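So you can see what is in the structure, the chains are spelled out below.
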Amino acid sequence: MDLSQIVFYLFAGLAVASSVLMVTRRNPVYAALYLVVTLFAVAGIFVLLDAHFLAALQVVVYAGAILVLFLFVIMLLNLGHAFEPDIRGRFWWAFAAGLGLVLLAELVTVMRGAPERPEADILAPLLEAKGAVAAVAEPLFQSYVVALEVTGILLLVAMVGAVVIAKRRA
Amino acid sequence: MLVESLVLSAALFAIGVAGVLLRRNAIVMFMCIELMLNAVNLFFVAVSRYAGIEGQVFVIFVMTVAAAEAAVGLGIIISIFRHYDSVDIRNFRLLRW
């Protein structure tokens with residue numbers, strides 16, 4: 001077992017543990033903070049999987065922007081204290097855990113079909129030749145430029161929609 | 001490391017599903033949905049190592065859609081909170097039979 005594998009298991013354990021804590025903590029502020037820990041651990045795994053640009057993007061966009069938005073809304077609605085217990089009863093615990101385990105078993109069974117030793121790592125030479133950003137940016141702005149523009153329009157619509165929905169009625 | 005990453009992504013997705021079922025707080029349910037989207041991102045990144053860079057390009061689109069979804073969803077939650085003074089989903093039953 002080499003060093004990268006040890007680091008992988010470290011980050012994987014951290015991600016699973018903090019996501020379980022996120023689901024089971026009662027206070028939504030703690031849930032948001034545990035979600036940040038999970039996202040950072042996944043960013044570390046992105047680095048191990050040769051997706052350096054996406055790891056940076058994960059930290060900036062998810063941990064930096066989306067989680068700040070979540071925390072801002074929790075604070076704005078004053079849910080951080082005097083929270084009502086929102087975790088469902090014992091039947092739902094059994095149901096959620098059972099369904100989660102069934103889903104996990106199903107997904108693991110499907111993914112065991114992936115080859116243990118895939119033939120060639122085709123990403124490493126590409127990253128070696130172009131660098132971490134250009135390797136992602138070139139297909140993004142050449143083959144997928146239409147999708148990129150549509151995504152820009154989606155962001156504009158989402159921005160306008162969020163402002164209109166959250167606005168106080170005059 | 002391919003199979004391990006895929007199993008980890010499956011585990012994170014299952015935890016997200018269990019969280020959506022377990023919680024009644026709409027904001028925490030949103031966080032669980034973000035966790036599921038992140039599990040799918042991890043799947044794409046793990047596979048892109050052997051199937052080409054397009055997986056990573058798609059992850060960028062998924063992140064953008066997640067950001068848009070979080071903005072609109074939290075706007076809806078703020079709007080609902082003004083009506084009911086709560087984000088508990090038991091109160092949202094206007095469209096329920």
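Keep in mind it's a predicted model, so treat the numbers as computed, not measured.

Peer 1: Could you give me a rundown of the overall build of chain B, with the residues and numbers involved?
Peer 2: Per the secondary structure count, chain B includes 3 helices and 0 strands. From first element to last, N terminus to C terminus, chain B shows the α and β order α-α-α. Over its C-alpha trace chain B gives a radius of gyration of 16 Å, far above what one expects of a compact globule, namely 13 Å for 97 residues. Taking the principal axes of its C-alpha atoms as reference, chain B extends roughly 50 × 25 × 20 Å.

Peer 1: Could you give an account of the overall build of chain A, with specific residues and numbers?
Peer 2: Within chain A, the secondary structure is distributed over 7 helices and 0 strands. When the helices and strands of chain A are placed in sequence order, the string is α-α-α-α-α-α-α. Computed over its C-alpha atoms, the radius of gyration of chain A comes to 20 Å, more than 25% above the 15 Å expected for a compact globule of 170 residues. Dimensions along the principal axes, computed over C-alpha positions, put chain A at roughly 55 × 45 × 25 Å. Here chain A holds 170 residues, and the buried ones make up 24% of them.

Peer 1: Which residues make up the interface of chain B and chain A, and what values do they have?
Peer 2: Between chain B and chain A, the residue contacts involve 60 residues of the former and 72 residues of the latter. The set of elements that each furnish at least two residues to the side of chain B that touches chain A consists of helix 1 (2-22), helix 2 (26-51) and helix 3 (54-84) of chain B. Looking at the side of chain B that touches chain A residue by residue, the class counts come to 43 nonpolar, 10 polar and 7 charged.

Peer 1: Describe the nonpolar core, naming the residues involved and giving the relevant values.
Peer 2: With 73 residues, the main nonpolar core has Ile27(B) and Met31(B) as its most contacted residues. For this core, the secondary-structure elements that each account for two or more residues are helix 1 (3-24), helix 2 (28-48), helix 3 (52-76), helix 6 (132-142) and helix 7 (145-166) of chain A together with helix 1, helix 2 and helix 3 of chain B. Looking at this core element by element, the count peaks at 16 residues for helix 2 of chain B. If we skip the residues at most four places from it in the chain, Ile27(B) touches Pro28(A), Phe70(A), Val73(A), Ile74(A), Ile77(B) and Val87(B).

Peer 1: Describe in detail the packing of helix 2 of chain B against helix 3 of chain B, supporting the description with residues and values.
Peer 2: All names here are of chain B. Between helix 2 and helix 3, the shortest axis-to-axis distance is 9 Å and the interhelical angle comes to 175°. Of the possible angle classes, the one that applies to helix 2 and helix 3 is roughly antiparallel. Across the interface between the two elements, Ala26, Ile27, Phe30, Glu34, Leu37, Val40, Asn41, Phe44, Val45, Val47, Ser48 and Ala51 of helix 2 pack against Glu54, Gly55, Gln56, Phe58, Val59, Val62, Ala66, Ala70, Gly73 and Ile77 of helix 3.

Peer 1: Describe the environment of Ile80(B), with residues and values.
Peer 2: Residues and elements named next belong to chain B. Within the secondary structure layout, Ile80 lies in helix 3. Between the C-alpha atom of Ile80 and that of Phe92, which follows or precedes it by 12 residues, the distance is 8.2 Å. In this structure Ile80 touches Val87 and Phe92, once residues within four positions along its chain are discounted.

Peer 1: Run through the confidence of the model for chain B, naming residues and quoting values.
Peer 2: Should the pLDDT be low somewhere, the predicted coordinates at that spot are not to be read in detail. Summary statistics for chain B give a mean pLDDT of 88 and a share of 99% for residues scoring 70 or more. Reported for the predicted complex are a pTM of 0.90 and an ipTM of 0.91.

Peer 1: Run through unusual backbone geometry, naming residues and quoting values.
Peer 2: In this structure, Asp50(A) takes a positive phi of about 65° despite not being glycine. Position of Asp50(A) relative to the elements: it lies in the loop between helix 2 and helix 3. With phi around 60°, Asp85(B) is a residue other than glycine that occupies positive phi space.

Cut-off values and rules
Residues numbered from 1 in each chain as written. Chains lettered and ligands numbered in written order. Predicted model: local features only at pLDDT ≥ 70, side-chain atom pairs only at ≥ 80, totals over all residues. Helix = DSSP H or I, 4+ residues; strand = E, 2+ residues; numbered from the N terminus. Rg over C-alpha atoms; globule rule 2.2 N^0.38 Å. Buried ≥ 20, exposed ≤ 12 C-beta atoms within 10 Å, placed from the backbone. Contact = placed C-beta atoms within 7 Å. Nonpolar A, V, L, I, M, F, W, Y, C, P; charged D, E, K, R; others polar. Core = buried A, V, L, I, M, F, W, Y, C linked by C-beta atoms within 7 Å. Axes fitted to C-alpha atoms, helices over the stretch in contact; angles between N-to-C directions. Parallel < 35°, antiparallel > 145°, perpendicular 65-115°, else oblique. pLDDT = per-residue confidence, 0-100.

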